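In case you want the letters, here they are:
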Amino acid sequence: MSRKFFVGGNWKMNGDKKFITETIEYLGKANLDKNVEIVIAPPSIYLECVHYLAPRNIQVSAQNCYSVAKGAFTGEISPVMLNDIGIEWVIIGHSERRNVFGETDNLIAEKIGYTVGTGLKVIACVGEKLEEREAGQTEAVVFQQVKAINNKLTESDWSRVVIAYEPVWAIGTGKTATPQQAQEVHEKLREFIKNEISEKVANEIRIIYGGSVTGSNAKDLAKEKDIDGFLVGGASLKPEFVDIINAKL
Ligand code: PEP
C-alpha cells in the first residue's frame, strides 16, 4: 500500500509579513519532491495572505478551529469560514492546544468530527507526555486519543484525516524520538486502527511524526515503514524545511 508522504509546517504563533514574503520566495524557488503533499500552517490572521501567495504545490492549513459554523464564540474561527476563504486543512488537537489551553480528548474529537463533516481535511495530533511514557502508558494514551476521535467519525471520514503522532516530550525540546521509538508507536497505532476501525483505514491513513524534526534527522526517520511524513514546528520556520520535505529523495 503506498501512502503519499506528507509534510506539514506548523508555524505556531510566529511570522510576520516580511517572514511570509521571504519564506514563500525560497519555497517557491526550491526543488521540492513532487511525490510529497506539502502543507504550511500560518497563524489565522495570515491564512488568506499565505494562501494567496503560496506556490500551487503548497497547501495552507489553519492551526485550530471550533466545532460550530458561527455564533457567540469570541476569538474562535469556524471550519465554514475556512472553507469560505479556500483553506482545505486544519490542525486539531495539537499538544499546545491540549496542554496550554486545556482542550480535552472530547472537545478535540467534537471539533474533528464537525470539521471533517464540512469537507475540510484534518491533521489530528496525538501524543503522550514524558511522565506517561515513563509510566509505560504511551500506547494507552494515544489509543484513547484516537478512540475519542473515532467516536465522532464514520469509516469514510478517516480518508480526510492525517494522524500526527507527536510525543509531547519531543515538541520544541530538541529531543527527537529515535526512528525506532517513533516507528514502534506508529506501528502499534496502525494495528490499533486495524482492530478498532478497519483494515482499509489502517492501510491508507498517513501517520506522520512530529517532535524536533530537523533537516539532519528527517532522512533516517523517513526510512521507517510506518512513518508517512512529518509535522514540523521550529524547523518549518527555516530554509531547512526544504530538506525535510525532500527527506525521501
Ligand atoms: C509541532 O509544533 O508540531 C512540533 C513538532 O514542533 P517542533 O518541530 O518544534 O518540535
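Now for a quick tour of the structure.

So, how was this worked out
Residues numbered from 1 in each chain as written. Predicted model: local features only at pLDDT ≥ 70, side-chain atom pairs only at ≥ 80, totals over all residues. Buried ≥ 20, exposed ≤ 12 C-beta atoms within 10 Å, placed from the backbone. Helix = DSSP H or I, 4+ residues; strand = E, 2+ residues; numbered from the N terminus. Pairing = 2+ DSSP bridges. Right-handed = clockwise from strand over helix to strand, strands pointing away. Axes fitted to C-alpha atoms, helices over the stretch in contact; angles between N-to-C directions. Contact = placed C-beta atoms within 7 Å. Near = placed C-beta within 6 Å. Nonpolar A, V, L, I, M, F, W, Y, C, P; charged D, E, K, R; others polar. Expected span 1.5 Å × (residues − 1). Parallel < 35°, antiparallel > 145°, perpendicular 65-115°, else oblique. Left-handed = near helix turned anticlockwise from the far one by under 90°.

**So, the pairing of strand 1 (residues 5–10)**
One face of the sheet, then the other: side chains in a regular strand alternate in exactly this way.
Part 1 of the reasoning: Across the 6 residues that make up strand 1, a large majority, 5, are buried.
Part 2 of the reasoning: As defined by bridge partners, strand 1 adjoins strand 2 (residues 36–41) across 6 bridges and the pair is classed as parallel. Residue pairing in the sheet places Phe-6 in a bridge with Glu-37 of strand 2.
Part 3 of the reasoning: You can see the chain leave strand 1, run along helix 1 (residues 17–29) and come back into strand 2, and the turn it takes is right-handed.
Part 4 of the reasoning: Bridge count between strand 1 and strand 8 (residues 229–232): 4 bridges; the pairing is parallel.

**Some words on the sheet that holds strand 7 (residues 207–210)**
Part 1 of the reasoning: Reading around the barrel, the 8 strands line up as 1-2-3-4-5-6-7-8 and close back on themselves, with parallel pairing between neighbours. For this sheet the average axis-to-axis angle between neighbouring strands, irrespective of direction, equals 25°.
Part 2 of the reasoning: Where helix 5 (residues 105–117) meets the sheet, its contacts fall on strand 4 (89–92), strand 5 (121–126) and strand 6 (161–165), and the angle it forms with strand 4 comes to roughly 170°.

**Focus: the site of the ligand**
Part 1 of the reasoning: Close contacts around the ligand come from 14 residues, with Ile-171, Gly-172, Gly-210, Gly-233 and Gly-234 the closest.
Part 2 of the reasoning: Among the residues forming the shell around the ligand, the class breakdown is 5 nonpolar, 7 polar and 2 charged.

**So, the environment of Gly-9**
Part 1 of the reasoning: Among the structural elements, Gly-9 can be located in strand 1.
Part 2 of the reasoning: Taking the C-alpha atoms as reference points, Gly-9 and Ile-149, 140 residues apart in sequence, are found 23 Å from one another.
Part 3 of the reasoning: Excluding its chain neighbours within four sequence positions, the residues that come into contact with Gly-9 are Ile-40, Ala-41, Val-232, Ser-236 and Phe-241.

**Some points on the pairing of strand 5**
Part 1 of the reasoning: Counting buried positions along strand 5 gives 5 out of 6 residues, so the element sits mostly inside the fold.
Part 2 of the reasoning: Inspection of the sheet shows strand 4 paired to strand 5 by 4 bridges, in the parallel sense. Opposite Ile-92, over in strand 5, you have Ala-124 as the bridge partner.
Part 3 of the reasoning: For strand 5 and strand 6, the ladder comprises 5 bridges, and the chain directions are parallel. Pairing of Cys-125 across the sheet is with Ala-164, part of strand 6.

**Considerations on helix 5**
Part 1 of the reasoning: With 13 residues, helix 5 extends 18 Å between its outermost C-alpha atoms, agreeing within 8% with the 18 Å of an ideal straight helix rising 1.5 Å per residue.
Part 2 of the reasoning: Within helix 5 the residues assigned to the buried category are Ile-108, Ala-109, Glu-110, Lys-111, Ile-112, Gly-113, Tyr-114, Thr-115 and Val-116.
Part 3 of the reasoning: Summarising the contacts, the buried residues of helix 5 are in contact with helix 3 (79–84), strand 4, strand 5, helix 7 (138–150) and strand 6.
Part 4 of the reasoning: Immediately beyond the C-terminal end of helix 5, within one or two residues, lies Gly-119, with a positive phi of roughly 100°.

**Brief notes about the environment of Gln-63**
Part 1 of the reasoning: Structurally, Gln-63 can be placed in the loop between strand 3 (58–62) and helix 3.
Part 2 of the reasoning: On a C-alpha basis, the gap between Gln-63 and Ile-45 in space is 11 Å, while along the polypeptide they are 18 residues apart.
Part 3 of the reasoning: Contacts of Gln-63, omitting those with residues within four sequence positions, involve Asn-10, Ala-41, Pro-43, Ser-44, Ile-91 and His-94.

**Structural notes on the environment of Asp-84**
Part 1 of the reasoning: On the secondary structure map, Asp-84 appears in helix 3.
Part 2 of the reasoning: Note: C-alpha distance between Asp-84 and Glu-191 (107 residues apart in sequence) is 37 Å.

**Examining the packing of helix 7 against helix 8 (residues 179–196)**
Part 1 of the reasoning: Look at helix 7 against helix 8: their axes get within 10 Å of each other, and the N-to-C directions meet at 40°. As far as their axial angle goes, helix 8 and helix 7 are oblique. For the crossing formed where helix 7 meets helix 8, the hand is right-handed. Contacts between helix 7 and helix 8 involve Thr-138, Glu-139, Val-142, Phe-143, Val-146, Lys-147 and Asn-150 on the former and, on the latter, Val-185, Lys-188, Leu-189, Phe-192, Ile-193 and Glu-196.
Part 2 of the reasoning: Looking at the contact of helix 7 with helix 8, its residues break down into 7 nonpolar, 2 polar and 4 charged.

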